[in-house]
Every structure is written in C-alpha cells, then in structure tokens.
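Results of the structural survey
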Amino acid sequence: MLVTNRFVVDPDGASDFTERAHAALTALAARPGYLRGELLRALDDPTHWCLVTEWESVGAYRRALGGFDVKVTAVPLLAQSIDEPSAYETLASAAPQGEVVVVASDRAAGPYR
C-alpha cells in the first residue's frame, strides 16, 4: 500500500520542514512493514512537497502510526499535510516491460472496475 502526504511549505520554512521530514522518514523506516519512503518536491512549484511511503499492508501502516518515535516525529508533521485521502491500495502493477497484474481490492469482493 502507498501513502502520500502532500504539503505546501513556505520557502522560508523549507529548511525546517526538510529536517522534520527526514526525522519522520527515519522513524517510519524503523517500523515493521515499512518498504520504502521518499521526500519529493514539485518541479513546477517548489512550495509543494510530498512524503511518500510504501508499506506491506494497511495494518502495518496503521500499527506504525502507534509507535512512540512515530508519534513524536512523524505524526505532528503528517498532521500538517493537505487534508485529503492519503492511503492507497495497489489494484494493478506492471514491472518494466511487463504485463499489467490486477489484484482484488481489500475493500470489495472482486477486482476494481
């Protein structure tokens, strides 16, 4: 599952934001079920940032949010993200030059439509 948290950051606060985002990534990366994470900045508008993390499952992500270090470092940062859905389940994937593989949704009885 993929989690995307988007932020709008004032240029004067970018240094503080990146320091806090690095600490959040460190705390999240230490939790079971964490697969990878990235801090991204928009090329077209440098005030727009995104923290993307990938997890083994929704349960692993939700349990990670309860960890002490995550509560102290990541949760306050995530609370400042744009208020929008942020957790996404994988419904289809493709490796480079590979076939599209469709999987069933955890939210529905069959594949998505």
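The structure presented is a predicted model; accordingly, all values stated were derived computationally and were not measured. (Residues numbered from 1 in each chain as written. Predicted model: local features only at pLDDT ≥ 70, side-chain atom pairs only at ≥ 80, totals over all residues. Heavy atoms only, no water.)

On to the overall build of the chain, then. Counting secondary structure elements, the chain contains 3 helices and 6 strands. Reading the secondary structure of the chain in the N-to-C direction produces β-α-β-β-α-α-β-β-β. By its C-alpha atoms, the chain is 45 × 35 × 25 Å across when sized along the principal axes. Partitioning the intrachain contacts of the chain with sequence separation of at least 6 by distance along the chain shows that 54% fall at a separation of at least 24. Only carbon and sulfur atoms are counted for the fraction: they give 53% of the accessible area of the chain, which is about 7,500 Å². When the 10 positive and 15 negative side-chain charges of the chain are each reduced to one mean point, those points stand 8 Å apart. (Helix = DSSP H or I, 4+ residues; strand = E, 2+ residues; numbered from the N terminus. Contact = heavy atoms within 4.5 Å. Areas by Shrake-Rupley, 256 points an atom, 1.4 Å probe, with all protein chains shown as cover. Lys, Arg positive; Asp, Glu negative; His and termini not counted. Charge placed at Lys NZ, Arg CZ, Asp CG, Glu CD.)

With 16 residues, helix 1 (residues 14–29) extends 22 Å from end C-alpha to end C-alpha; this agrees with the ideal 22 Å at 1.5 Å per step. A14, F17, T18, A21, A24, L25, A27 and L28 are the residues of helix 1 that are buried. (Expected span 1.5 Å × (residues − 1). Buried < 20%, exposed > 50% of the residue type's maximum accessible area, 1.4 Å probe, protein only.)

Sheet topology places strand 2 (residues 34–41) next to strand 3 (residues 48–55); 7 bridges connect them, and they run antiparallel. Looking at strand 3, one finds that Y34 is bridged to W55. (Pairing = 2+ DSSP bridges.)

Bringing the packing of aromatic side chains into the picture now. Inspection of every chain in the model, using the stated rule, returns 4 aromatic pairs. By way of ring pairs, the aromatic residues F7, F17 and W49 are connected into one cluster. (Phe/Tyr/Trp six-rings, centres within 6.5 Å; stacked < 30°, edge-to-face > 60°.)

With antiparallel pairing, the 4 strands of this open sheet are ordered in space as 2-3-1-4. Each edge of the sheet is formed by a strand with only one pairing partner; in this case those strands are strand 2 and strand 4 (87–88). With 2 bridges connecting them, strand 1 (residues 2–8) and strand 4 associate as antiparallel partners. Bridged to V3 within strand 4 is A87. Its contacts with the sheet place helix 1 against strand 1, strand 2 and strand 3, and it is angled at close to 170 degrees to strand 2. (Axes fitted to C-alpha atoms, helices over the stretch in contact; angles between N-to-C directions.)

Turning next to the packing of helix 1 against helix 3 (residues 68–78). Helix-helix packing is characterised by the crossing angle of the two axes and by the distance between the axes. Running from N to C, helix 1 and helix 3 cross one another at 135 degrees; their axes reach a closest spacing of 8 Å. With respect to helix 3, the element helix 1 is oriented oblique. The interaxial crossing formed by helix 1 with helix 3 has left-handed handedness. Listed contacts from helix 3 to F17, R20, A21, A23, A24, A27 and L28 of helix 1 are D69, V70, T73, A74, P76 and L77. Its residues assigned to classes, the contact of helix 1 with helix 3 shows 10 nonpolar, 1 polar and 2 charged. (Parallel < 35°, antiparallel > 145°, perpendicular 65-115°, else oblique. Left-handed = near helix turned anticlockwise from the far one by under 90°. Nonpolar A, V, L, I, M, F, W, Y, C, P; charged D, E, K, R; others polar.)

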